[in-house]
Amino acid sequence: MPRTTDEGAADERAPAGSRRAGRFWSVRRLPAVLVSAVVLGAAGILLYDVAAVRAHRPAMSWRRRLAHELATRPLDSGWVAGGAAAAVLAGLWLILLALTPGLRGLLPMRRDTPDVRAGLERRAAALILRDRAMEVAGVQSVRVDVGRRRVRARARSHFRDLAEVRADLDTVLADGLRQLGLARQPRLTLSVRRPVKR
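Rules used in this analysis
Residues numbered from 1 in each chain as written. Predicted model: local features only at pLDDT ≥ 70, side-chain atom pairs only at ≥ 80, totals over all residues. Heavy atoms only, no water. Patch = residues over 30% accessible without salt bridge, like charges linked within 9 Å, V, L, I, M, F, W, Y side chains within 5 Å. Areas by Shrake-Rupley, 256 points an atom, 1.4 Å probe, with all protein chains shown as cover. Salt bridge = Lys/Arg side-chain N within 4 Å of Asp/Glu carboxyl O. Helix = DSSP H or I, 4+ residues; strand = E, 2+ residues; numbered from the N terminus. Core = buried A, V, L, I, M, F, W, Y, C linked by side-chain atoms within 4.5 Å. Buried < 20%, exposed > 50% of the residue type's maximum accessible area, 1.4 Å probe, protein only. Contact = heavy atoms within 4.5 Å. Pairing = 2+ DSSP bridges. Right-handed = clockwise from strand over helix to strand, strands pointing away. Axes fitted to C-alpha atoms, helices over the stretch in contact; angles between N-to-C directions. Left-handed = near helix turned anticlockwise from the far one by under 90°. Nonpolar A, V, L, I, M, F, W, Y, C, P; charged D, E, K, R; others polar.

## Comments concerning a nonpolar patch on the surface
Nonpolar side chains collect at one region of the surface, where I45, L46, V50, W62, L66 and L70 lie side by side and expose about 550 Å² of accessible area between them. Among the secondary structure elements, those contributing two or more residues to the nonpolar patch are α1 (29-54) and α2 (61-72). Take L66: it is sitting in helix α2.

Spelled out as structure tokens, the structure:
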């Protein structure tokens, strides 16, 4: 079971009689490592250059050039505007990562016990629902896509009346969704068609 960094954040609406279950938060190791590596590298190079200047050695050429460019280049320059835009986008990206749970592929399940949190992968939920739908008579193939708020099922029926197959599929899939025990019941969208004749 994934570890979470904030147990009480981003709670989803849960059915009556169950405790609120929030989404699982991602650890986000890769962005943290990248930001740490960039900051550490830049701080190390700058500290080395400052120490070299204090030891009466000339500053590195890149720092002299950067200081010259900052002092002489106008603010409406394309390079200045582009650098500022890149810095703003990177900052917004990091803020978005910090404020959103992540782990979109993991659906929280109902919390009937306060000490236990469970989640179900969306692909596993889709596979369970697809297997349930394939048991309906007349269904040739089914594709199920499970989202956080909606489940889309597209079936092909090679015999039986389409209305009957749709009604059976609606019953079976609705029952399957209830048995998944998700904290937030997604809406079901169902379409049934005949196979394409070749």
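Right, picking up where we left off after that structure.
## Notes on the nonpolar core
The biggest cluster of nonpolar side chains holds 22 residues, and the ones touching the most others in it are L129, V144, V146, L169 and L180. When residues of this core are traced back to their parent elements, those giving at least two are α4 (122-134), β5 (139-146), β6 (150-157), α5 (162-180) and β7 (187-193). With 5 residues, α5 is the largest single contributor of residues to this core.

## Some points on the side chain of D49
As for its position among the elements, D49 is in helix α1. If sequence neighbours within four positions are ignored, D49 has contacts with A59, M60 and R63.

## Some remarks on the pairing of β6
On β6, burial follows the alternation: V151, A153, A155 and S157 on one face are buried, whereas R150, R152, R154 and R156 on the facing-out side are not. Linking β5 to β6, which pair antiparallel, is a turn of 3 residues. Between the parallel elements β6 and β7, the chain passes through α5 in a crossover that is right-handed.

## With respect to unusual backbone geometry
The backbone of H56 sits at a positive phi, close to 65°, despite the residue not being glycine. Not every positive phi belongs to a glycine, and R160 is a case in point at roughly 75°. Structurally, R160 can be placed in the loop between β6 and α5.

## Some words on the packing of α4 against α5
α5 packs onto α4 with a crossing angle of 145° between their chain directions and a minimal axis gap of 9 Å. The element α4 and its partner α5 pack so that their crossing is right-handed. Along the contact surface, α4 presents A125, I128, L129, R132 and A133, while α5 presents L169, V172, L173, D175, G176, L177, Q179 and L180. Here the contact of α4 with α5 is composed, by residue class, of 9 nonpolar, 2 polar and 2 charged.

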